[in-house]
Amino acid sequence: MATILIVEDEKAIFNASLFVKKGIGYAIALDKIINTTGDSEPCFRPLSPTLEAGLCIVWKKYQVFSKASKEFLRLLKSEWENGI
């Protein structure tokens, strides 16, 4: 009987990609989360029919952000307000 492993973050999909490279299984992920270009062993194959997933950005209520995180959040909010 086959086993299905479901992962939900970029670190987990990276680890799953290592199994894929070894021929141990397959990974289903959003495009561009792992490298599938050039000489990369994994490849991206879009699902048909197309499946769409809503995404959320979440952080702790009183999170202390680094300068880079603050800038990323500022840019993200700006893009959101301008209608990504």
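In this report, the structure presented in the accompanying data block is examined. What you see as residue numbers is a count from 1 along each chain, following the sequence as written. With the structure being a predicted model, the display of local features is reserved for residues of pLDDT at least 70 and the display and counting of side-chain atom pairs for 80 or more, all residues being used for whole-chain, interface and lining totals. Note: side-chain values were computed over all heavy atoms of the structure, leaving out hydrogens and water.

1. Let's talk about the overall build of the protein
- To qualify as a helix, a DSSP run of H or I must reach at least 4 residues; to qualify as a strand, a run of E must reach at least 2; elements of each kind are numbered from the N terminus. Helix and strand content of the protein: 2 helices and 0 strands.
- Three labels apply to residues, based on accessible area from a 1.4 Å probe with only protein chains included: buried if under 20% of the type maximum, exposed if over 50%, partly exposed otherwise in between. Within the protein, the fraction of its 84 residues that count as buried is 8%.
- The protein chains shown are the only cover counted for residues, whose accessible areas, like all others here, come from Shrake-Rupley with a 1.4 Å probe. For the protein, the computed accessible surface area is about 8400 Å², with 59% contributed by carbon and sulfur atoms.

2. Here's the deal with the pattern of salt bridges
- Basic side-chain nitrogens of Lys or Arg form a salt bridge, by our definition, when they fall within 4 Å of a carboxyl oxygen of Asp or Glu. Tallied over the entire structure, the rule returns 1 salt bridge.
- Residue Glu-71 is joined to Arg-74 by a salt bridge in which the shortest nitrogen-to-oxygen separation is 2.7 Å. A residue pair is termed a helical-turn pair when its members lie 3 or 4 positions apart in one helix, as Glu-71 and Arg-74 do in helix H2 (residues 67–81) at 3 residues.
- Overall, the relative accessible area of 35% leaves Glu-71 in the partly exposed class.

3. Observations concerning the packing of aromatic side chains
- Two rings belonging to Phe, Tyr or Trp (six-membered ring only in the last case) form a pair when the distance between their centres is within 6.5 Å. Interplanar angles under 30 degrees mark stacking, angles over 60 mark edge-to-face geometry, and anything in between is tilted. A full pass over the atoms with the stated rule returns 1 aromatic pair.
- Relative to Phe-65, the ring of Trp-59 lies with its centre 6.1 Å away and its plane at 70 degrees, an arrangement referred to as edge-to-face.
- The class for Trp-59 is partly exposed, based on a relative accessible area of 39%.
- By relative accessible area, which is 27% here, Phe-65 ends up partly exposed.

4. Describing unusual backbone geometry
- Along the chain, Ser-48 connects to Pro-49 via a cis peptide bond; the corresponding omega equals 0 degrees.
- Its location among the elements puts Pro-49 in the loop between helix H1 (10–21) and H2.

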